Structures are given as C-alpha cells and as structure tokens.
Amino acid sequence: MSKSINKISSTAVPVHLENVDTDQIIPARFLKATTREGFGDNLFRDWRYNSDGTPKKDFVLNNPTYSGKILVAGKNFGCGSSREHAAWAIKDAGFDVVVSSFFADIFRNNALNNFLLPVTVSEEFLQQLFAAIEKDPKTTIGVNLEAQTITAGGKSESFEINNYKKTCLLNGYDDIDFLLSLKPEIEAFERKQQAI
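Keep in mind the model is a prediction, meaning the values are calculated, not measured.

J.: How should helix α4 (residues 105-113) be read in this particular structure?
T.: A turn of α-helix holds 3.6 residues, and therefore any two residues three or four places apart point the same way. Restricting attention to buried positions, one finds in α4 the residues Phe107, Asn110, Ala111 and Leu112. On its buried face, α4 sits against α1 (22-25), α3 (85-92), β5 (117-120) and α6 (163-171). Immediately beyond the C-terminal end of α4, within one or two residues, lies Phe115, with a positive phi of roughly 60 degrees.

Here you go:
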C-alpha cells in the first residue's frame, strides 16, 4: 500500500470546533497499544459515543451525510499533550488530510511523520470551507501537495509545507527511506573523498 500523497480530491468531514486538543482526538485511556492500527475506532471517542458505547447522533462522525478523506477542523487543532497517537487515530479513521487555520507544532510534525497532511489555510478560507460543506455535504475539496494548493467551490489558496516533509510525502518516504534514497549520492561523495 502506497503511503505517498500528492493530489487528493474528496468530500470532507467538518469538525467545526476550535482548540481541539489531543486528549479529545484520542483519550489517554486508549494509548496502551504500541502499533498504529485500531485507533480510528476511538477517534473523538468521548464526543462520538455515550458512556454505554452507543453513538451520539449529533456528532458529525456519526452522521452518514458527511464522509471523505479530508477532515476540516477549527483553529488551534491538535493542541495539548504531544501524543503521536492523535495522528495515528486520524489516519486510521481514513483521513489523509486535515485542514485548519492553525495547528499545534507538535501535532503538525506528528501528522507529517505519519503520512497525514496538515494544510494550514487562512481563517477566512476555513470559514468558506465550513459554509460550503454545510450548504452541500458533497462539496469536493482538492488538495495538490506538489503545487501546494487547496481548492473548493471555485476558490483556491496556497499553503506552506517544509520542503523535506513535502519530498517525503510525495515519495512515501519515512526518514530512513529518505536517507536510503540518497545512497547513490552518498556513495559517489565517499568515492570522491577517497580519491582526494
């Protein structure tokens, strides 16, 4: 299965809440596992389910109207403790992209390290996305990593991303894969140094 990300065109799930912290994304009581699988079932667990395990009808992830590979969230997403499991849970739930007007630094880095693309947009563009999705849940959002653009409803905006992480996502590389991809250049450099 390819981990690379480039162009994604999908409907979106709106979580129209600000200051969503990592304990709300994946509560601490579910952090016992050490592999990345299975966390998606508990994404937003306390907002998504009642204490008896029944789904809360008013939470967006329980609403079949909304689906897709893109999660659109309010400002300051991923704040709080630095748990990598938050990115695992979002990715395991089937999302490839999270859009917000601001991400906590540690969450953003954890997302990038787990092939989950955090796209930072202006607050104005974010509110336009929420309005478009609310008006028509079938609204398609296009994310082009290579061009660093996000498009919806005829409107487009550019986003920033670290060049190294962009290369890794485009090629499906983790840090070790990236180093291995440079092996020919490293070997050529070593040969050149030995010849001096």
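Read on for the rest.
J.: What is the right way to read the sheet that holds β5 from this model?
T.: Backbone-to-backbone hydrogen bonds pair the strands of a sheet. The strands run either parallel or antiparallel. Taken in spatial order, the 4 strands make up an open sheet running β2-β3-β4-β5, and their pairing is parallel. In the strand order of this sheet, the two ends are held by β2 (12-15) and β5, each with one partner. Averaged over all pairs of adjacent strands, the angle between their axes in this sheet comes to 20 degrees, without regard to strand direction. Bridging between strand β3 (residues 70-73) and strand β4 (residues 97-100) involves 3 bridges; their strand directions are parallel. Directly across from Leu71, in β4, lies its bridge partner Val98.

J.: Please explain the nonpolar core as it appears in this structure.
T.: Note that soluble globular proteins tend to have their nonpolar side chains buried in a common cluster. Val72, Phe77, Ile90, Val99, Phe107, Leu117 and Ile141 are the most contacted members of the largest nonpolar core, which totals 52 residues. When near neighbours in sequence (up to four residues on either side) are disregarded, Val72 contacts Ala12, Val13, Pro14, Val15, Val99, Leu126, Leu129, Phe130, Ile133 and Ile141.

J.: Would you mind going over the environment of Asn114 with me for this structure?
T.: Relative to the helices and strands, Asn114 resides in the loop between α4 and β5. Asn114 gets classed as buried once you look at its relative accessible area, which sits at 4%. Residues Asn114 and Glu84 lie 30 residues apart in sequence; the distance between their C-alpha atoms is 8.6 Å. Within the structure, Asn114 has its side chain in polar contact with the side chain of Glu84 (distance 2.9 Å). Within the structure, Asn114 has its side chain in polar contact with the backbone oxygen of Asn110 (distance 2.8 Å).

J.: Any chance you could explain the packing of aromatic side chains here in plain terms?
T.: The relative placement of two aromatic rings is captured by the distance of their centres and the angle of their planes. Summed over the entire model, instances satisfying the criterion amount to 7 aromatic pairs. The interplanar angle of 55 degrees and the centroid separation of 6.2 Å between the aromatic rings of Trp47 and Phe59 together place this pair among those described as tilted. Of this pair, Trp47 sits in helix α2 (residues 45-48) while Phe59 sits in the loop between α2 and β3, and the two are 12 residues apart along the sequence. Between the aromatic rings of Phe77 and Phe107, the centroid separation amounts to 5.3 Å while the plane-to-plane angle is 80 degrees, which identifies the pairing as edge-to-face. Here Phe77 is found in the loop between β3 and α3, whereas its partner Phe107 is found in helix α4, with 30 residues between them in sequence. Through successive ring pairs, a cluster of aromatic residues spans Phe44, Trp47 and Phe59.

Rules of the game
Residues numbered from 1 in each chain as written. Predicted model: local features only at pLDDT ≥ 70, side-chain atom pairs only at ≥ 80, totals over all residues. Heavy atoms only, no water. Buried < 20%, exposed > 50% of the residue type's maximum accessible area, 1.4 Å probe, protein only. Helix = DSSP H or I, 4+ residues; strand = E, 2+ residues; numbered from the N terminus. Contact = heavy atoms within 4.5 Å. Pairing = 2+ DSSP bridges. Axes fitted to C-alpha atoms, helices over the stretch in contact; angles between N-to-C directions. Core = buried A, V, L, I, M, F, W, Y, C linked by side-chain atoms within 4.5 Å. Polar contact = N/O pair within 3.5 Å; in protein donor to acceptor, adjacent residues only side chain to side chain. Phe/Tyr/Trp six-rings, centres within 6.5 Å; stacked < 30°, edge-to-face > 60°.

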